[in-house]
Amino acid sequence: MRRVWYIAAKELLQTRRDRLAALFSVVLPVVFTVFLGLLFGGFGETGAFPLAVADTDGSPAAIELVAQLQAESLLDVRPMGQPEVEAAVQDQEVAAGLVIPEGYGAAVAAGQPVELPFVRVETSSGAQSALQAVQAAITRLNSEVLAAQVAATAVGASTGTPPDEELLDSTRRLAAAALDAPAAEVTVVASGVTEKELGGFDQASTGSLVNWTLFGLLTVATGLAWERRQGLLRRMTAAGAGAAQIIGGKMLGMVILTFLQQLLLVLLGQFAFGVDYFASPAALFLVMLSMSVLASSLGLLISSVFRSEQAVIGATVIIAQLLAALAGAWFPLEITGAGFQRVAHILPTAWVVDSLHGIILKGWGVLDVLGPLGFVWLWIIVFFGLAVWRFRPA
Amino acid sequence: MRALIIAWKDFRHTYRNIAALAMMLVAPMLLATALGAAFGSGGDSFSVVAVKTVVVDLDAAATADPEAASDRAGSHIVATLTDPGLADVLEVTVAATEEEARAAVDEDRAAAAVIIPAGLTEALRQAGTPTTGSSDAKEIEIYKDPTATVGPGIVTAVVGAVSQRLEGARAAALAAVQAAAGEGVIDGATLGGLAAEAAEAYGASADAQTGVALAARAPSAAGQDEVAAPNVASQVLVGMMIFFMLFGASTPARSIIDEHRQGTLFRLFTTPTPRSVILGGKYIAVFLVVLAQSVILLLAGWLLLGARWGDPGPLVVLTLCGALMAASLGLLTVSFAKTPAQAGAVSSAIFVFLALIGGNFVGSTNIGGAFALVRRFTPNGWLLEGWDGLLYGGSWAEIALPVGACLAFTAVFFALSTWFFSRRYA
């Protein structure tokens, strides 16, 4: 056991002296978390969704529509010409664009249908949210116009006089007032202990934790490949260290390193970005430990299978990216298709992300994370078993 | 000629390396295919899973008469949610009690629960003045899973649409009553009938009404009538291709350090071949390796993912520009490293960082505002902007600025790497 600890301590010392390791363990994860946090929280957390609006009609009805959009708290309306709208959406300077076509006012006055081009990049979730906000304003407008027309017609029929413009104006004002004081409201309440919803930093922090724990094993895995190529592992066996002790020492070193890296990201998330990791410290510890052991056994497997440092770097980058991207570390799995979600949940990392979300948002405790982590440990057994089977000191 | 011989040797060496090939070709295709699949079957359309929803109607539960219950506002909401037309979007089950509905969300059996309050119908039928204020309004609660955003958003939108329709009927009734009173009608029964007639007429017209509607489309390029809509997989592939081209460039670039450490570079320097020709050969090798990589990936994207790359002229220019940029950056990250391992780690870190802020990982998803500006501080960000322009049907005008900016970065990177190498091998 003492030899295992010596080998692990050597890994820790070597990593502490390696400034490049700090880049992967500290600098990039922090930058990644902040960047993705702002990106996902994006417009939603920082305020309104920028919406470029081109009014090519200029009628009073069009001006009124623009005013209604400006009144929507979720929208930051930016008036501009139509070519600028197209360019702004394509350059992603705005979440989406809306074009009010010529003849809009006349069509609304005549009760004719009219289509407004909503310009957006299909994959943009900011555009989806902007679409909902614009749709809400349009629906409100349609309700108001129809209610006024129906009321004027009914009153006209009742009094025996056909509805004139004055009556239509009157019913429009009355309908608008009625809609401004609704009898029913739709409210959204999040379940869970905090009633908090998934925010930008909740997604980014947990995603970064998974992504960079996997990347964090790069230094140790390449080091192991280098030691084998230089004959250092063979020298260790000649000095009396068995393969089990070498594997144990390397694993322990990697587990400690990746655990410390996670701890840093957890502390950053908790205190800098308000991600409630400490809602259940015991459950969090289990998840972090499982993630560390998972990453370490994967690192051991990669360095056991591939011989050169270049191959280890390549394999680590590819596998880490795939495991992170497919598990929902880069974007929430909720926005993907059913087949993708099923495939993603074959991977252990998706269950780690689920467990972290459960802890920070749903009040999950130790018992709740045991199920998802059981699946993670099945993968750990597979990775570790294969790594031990393939491990050759020479 | 000698430079080309050196370049060809390095080119063959790289394309015989299985690990390098996996990194250069397999990884970007795998990621593009997987991420393309994530956002729609075949990468052509965006689709989400039907949202598991539970609904409890406390409004209809207040009356024992089934016939009367079907006329209640709550029943309209339930009928809309369970409409077969929405089956692709919503998977709805009806709960008997509020507790049952909330438990379904708490226990992860549903993404959202719709709780329709008792007395909703009476609130909507109330013929009072519309100045009551929304604080007295009945709350239709959407109780949602906190980790889900899109699913509950869809449920909220559907319930909001029904609620808006009920509100519209109420507004029509109130407007009719108040307008009629303004015209001198004061008989209560007449006003009551008028209100019912207006509400009914609103309901009937709302079914047929199209009014103002939104037509979503992709942005069009200048001077274009038809809007091109690239498939998702091709957009993802471009991001991944540029990212892995950087790794592709660093592999042959690292051969300079490998040969330096093994002594073969200095052996070359003892031959009559000038050092500039030797290093030139290395530069050409790096460029050819990434050029071949991008051509293979573009062809694979076209054949396997159905990508449509746009006008051939701008496509060739962007491909060449990308290869030049990746080669120059690959050489630069290697030029100041002392060992191959150091070069590998440093270049990986730089590439991941650039890809992060340039938009290679997130593509068009959620980018906007400050990030559109930030990505312009990176050569890959400019290149992606050029590719976006081409994928959306643009041509020379859309790629001119991105290509110019990217080439400016390339010139600086080549100059810096040449300076570092010159100092080392002077």
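Model, not experiment: these values are computed from the prediction.

## Points about the interface of chain A and chain B
Then comes step 1: Each partner contributes to the interface: chain A provides 102 residues, whereas chain B provides 118 residues.
Then comes step 2: Here chain A meets chain B over a buried area of about 9500 Å², counting both sides, of which 66% is carbon and sulfur.
Then comes step 3: The tally of links between chain A and chain B comes to 3 salt bridges.
Then comes step 4: Across the chain A-chain B interface, the total number found is 23 residue pairs in polar contact (both at pLDDT 80 or more).

## Structural notes on the side chain of Thr171(A)
Then comes step 1: Here Thr171(A) is to be found in helix H7 (residues 165–180).
Then comes step 2: Classification of Thr171(A) as buried rests on a relative accessible area of 0%.
Then comes step 3: At 3.0 Å, the side chain of Thr171(A) and the backbone oxygen of Leu168(A) are in polar contact.
Then comes step 4: Excluding anything up to four places from it in sequence, Thr171(A) contacts Ala148(A), Ala151(A), Ala152(A), Ala175(B) and Ala179(B).

## Remarks on the pattern of salt bridges
Residues and elements named next belong to chain B.
Then comes step 1: Tallied over the full model, the rule gives 21 salt bridges over all chains.
Then comes step 2: The salt bridge involving Asp59 is made with Arg72; its shortest N-O contact spans 3.0 Å. Of the two residues, Asp59 sits in helix H3 (residues 58–61) while Arg72 sits in the loop between helix H4 (66–70) and helix H5 (73–81), which places them 13 residues apart along the sequence.
Then comes step 3: Exposure remark for Arg72: the relative accessible area of 9% places this residue in the buried category.

## Things to note about helix H13 (residues 312–335) of chain B
Then comes step 1: The terminal C-alpha atoms of H13(B) lie 34 Å apart, and with 24 residues this matches the ideal 34 Å at 1.5 Å per residue to within 8%.
Then comes step 2: Counting buried positions along H13(B) gives 18 out of 24 residues, so the element sits mostly inside the fold.

## Observations concerning the environment of Gly58(A)
Then comes step 1: One can find Gly58(A) in the loop between strand S1 (49–55) and helix H3 (60–71).
Then comes step 2: The sequence separation of Gly58(A) and Gln68(A) amounts to 10 residues, and the corresponding C-alpha distance is 15 Å.

## Structural notes on the packing of helix H8 (residues 200–230) of chain A against helix H14 (residues 348–362) of chain A
Residue and element names in this part refer to chain A.
Then comes step 1: Taken N-terminus to C-terminus, the directions of H8 and H14 make an angle of 145°; their axes are 10 Å apart at the nearest point. Relative to H14, H8 is oriented so that their crossing is right-handed. Judged by residue contacts, Asp202, Gln203, Thr206, Leu209, Val210 and Leu214 of H8 engage Thr349, Val352, Val353, Leu356, His357, Ile360 and Leu361 from H14.
Then comes step 2: Residues belonging to the contact of H8 with H14 are distributed by class as follows: 8 nonpolar, 4 polar and 1 charged.

## Structural notes on the packing of aromatic side chains
How two aromatic rings sit relative to each other is given by the distance of their centres and the angle of their planes.
Residues and elements named next belong to chain B.
Then comes step 1: If you walk through the whole model with that rule in mind, you get 18 aromatic pairs over all chains.
Then comes step 2: Consider the rings of Phe243 and Phe244, whose centres lie 4.9 Å apart with planes at 70°: the pair is edge-to-face. Grouping residues by exposure puts Phe243 and Phe244 together as buried.
Then comes step 3: Summarising the aromatic geometry, the rings of Phe336 and Phe420 are spaced 5.8 Å apart at their centres and angled 65° between planes, so their arrangement reads as edge-to-face. With a gap of 84 residues between them, Phe336 in the loop between H13 and helix H14 (340–358) and Phe420 in helix H17 (residues 396–425) connect regions that are remote in the sequence.

## Focus on a nonpolar patch on the surface
Then comes step 1: There is a patch of nonpolar side chains on the surface, built from Leu260(A), Leu263(A), Leu267(A), Phe271(A) and Phe278(A) and spanning about 470 Å² of accessible area.
Then comes step 2: Judged by its relative accessible area of 33%, Phe278(A) is partly exposed.

## Quick word on the sheet that holds strand S1 (residues 51–57) of chain B
Then comes step 1: Across the sheet, which stays open at both edges, the 5 strands sit in the order S5(A)-S4(B)-S3(B)-S1(B)-S2(B) with mixed pairing between neighbours. Taken across any chain shown, the strands that pair with only one partner, and hence form the sheet edges, are strand S5 (184–190) of chain A together with strand S2 (90–94) of chain B. The mean angle between the axes of side-by-side strands here comes to 25°, regardless of whether they run parallel or antiparallel.
Then comes step 2: Packing of helix H8 (residues 150–182) of chain B onto the sheet brings it into contact with S5 of chain A together with S1, S2, strand S3 (112–116) and strand S4 (138–144) of chain B, and relative to S5(A) it is tilted by some 165°.

## Some words on unusual backbone geometry
A negative phi angle is the norm for most residues apart from glycine, just as the trans form is the norm for most peptide bonds.
Then comes step 1: One non-glycine residue with positive phi stands out, namely Asp108(B), at about 65°.
Then comes step 2: If you trace the backbone, Asp108(B) turns up in the loop between helix H6 (98–106) and S3.

## Topic: the side chain of Thr33(A)
Residues and elements named next belong to chain A.
Then comes step 1: Assignment of secondary structure puts Thr33 in helix H2 (residues 19–46).
Then comes step 2: One polar contact links the side chain of Thr33 to the main-chain carbonyl oxygen of Pro29, over a distance of 2.7 Å.
Then comes step 3: A polar atom in the side chain of Thr33 sits 3.0 Å from the side chain of Ser208.
Then comes step 4: If sequence neighbours within four positions are ignored, Thr33 has contacts with Phe201, Ala204, Ser205, Ser208, Leu265, Leu268 and Phe273.

## Details of a negative patch on the surface
Then comes step 1: Residues Asp164(A), Glu165(A), Glu166(A), Asp169(A) and Glu183(B) make up a contiguous surface patch of negative charge.
Then comes step 2: Turning to its location among the elements, Glu166(A) is positioned in helix H7.
Then comes step 3: Judged by its relative accessible area of 64%, Glu166(A) is exposed.

## What about the confidence of the model for chain A?
All names here are of chain A.
Then comes step 1: Per-residue confidence for chain A averages 83 on the pLDDT scale, and 94% of its residues sit at or above 70.
Then comes step 2: Ranking the elements of chain A by mean pLDDT puts H2 last, at 69, and helix H15 (residues 366–390) first, at 93.
Then comes step 3: Segment residues 42–46 is flagged for pLDDT under 50; beyond a separation of four residues in sequence, or across chains, it makes 13 contacts in the model.

## Quick word on the nonpolar core
Then comes step 1: Grouped together as the largest cluster of nonpolar side chains are 158 residues, with contacts concentrated most on Trp330(A), Phe244(B), Trp309(B), Phe361(B) and Trp387(B).
Then comes step 2: Not counting residues within four places of it along the chain, the set of residues in contact with Phe244(B) comprises Val317(A), Ile318(A), Gln321(A), Met23(B), Met24(B), Ala27(B), Pro28(B), Leu31(B) and Gln293(B).

## With respect to the confidence of the model for chain B
All names here are of chain B.
Then comes step 1: Residues with a pLDDT of 70 or more make up 87% of chain B, whose mean pLDDT is 82.
Then comes step 2: A low-confidence stretch, residues 41–46 stays under pLDDT 50, and its non-local contacts, those more than four residues away or across chains, total 14 contacts.
Then comes step 3: Here residues 129–134 scores under 50 on pLDDT; set against residues more than four positions off or in separate chains, the count is 11 contacts.
Then comes step 4: Predicted as a complex, the structure gets a pTM of 0.73 and an ipTM equal to 0.71.

## Some points on the pairing of S1(A)
Residue and element names in this part refer to chain A.
Then comes step 1: The element S1 is extensively covered by neighbouring structure, given that 6 of its 7 residues are classed as buried.
Then comes step 2: The parallel pair S1 and strand S2 (residues 75–79) is bridged by H3, and the resulting crossover is right-handed.
Then comes step 3: The pairing of S1 with strand S3 (residues 96–100) spans 5 bridges and is classified as parallel. When the bridges of S3 are listed, Ala54 appears paired with Val99.

What counts and what doesn't
- Residues numbered from 1 in each chain as written.
- Chains lettered and ligands numbered in written order.
- Predicted model: local features only at pLDDT ≥ 70, side-chain atom pairs only at ≥ 80, totals over all residues.
- Heavy atoms only, no water.
- Contact = heavy atoms within 4.5 Å.
- Buried area = accessible area lost by both parts, 1.4 Å probe.
- Salt bridge = Lys/Arg side-chain N within 4 Å of Asp/Glu carboxyl O.
- Polar contact = N/O pair within 3.5 Å; in protein donor to acceptor, adjacent residues only side chain to side chain.
- Helix = DSSP H or I, 4+ residues; strand = E, 2+ residues; numbered from the N terminus.
- Buried < 20%, exposed > 50% of the residue type's maximum accessible area, 1.4 Å probe, protein only.
- Expected span 1.5 Å × (residues − 1).
- Axes fitted to C-alpha atoms, helices over the stretch in contact; angles between N-to-C directions.
- Left-handed = near helix turned anticlockwise from the far one by under 90°.
- Nonpolar A, V, L, I, M, F, W, Y, C, P; charged D, E, K, R; others polar.
- Phe/Tyr/Trp six-rings, centres within 6.5 Å; stacked < 30°, edge-to-face > 60°.
- Patch = residues over 30% accessible without salt bridge, like charges linked within 9 Å, V, L, I, M, F, W, Y side chains within 5 Å.
- Areas by Shrake-Rupley, 256 points an atom, 1.4 Å probe, with all protein chains shown as cover.
- Pairing = 2+ DSSP bridges.
- Lys, Arg positive; Asp, Glu negative; His and termini not counted.
- Charge placed at Lys NZ, Arg CZ, Asp CG, Glu CD.
- pLDDT = per-residue confidence, 0-100.
- Core = buried A, V, L, I, M, F, W, Y, C linked by side-chain atoms within 4.5 Å.
- Right-handed = clockwise from strand over helix to strand, strands pointing away.

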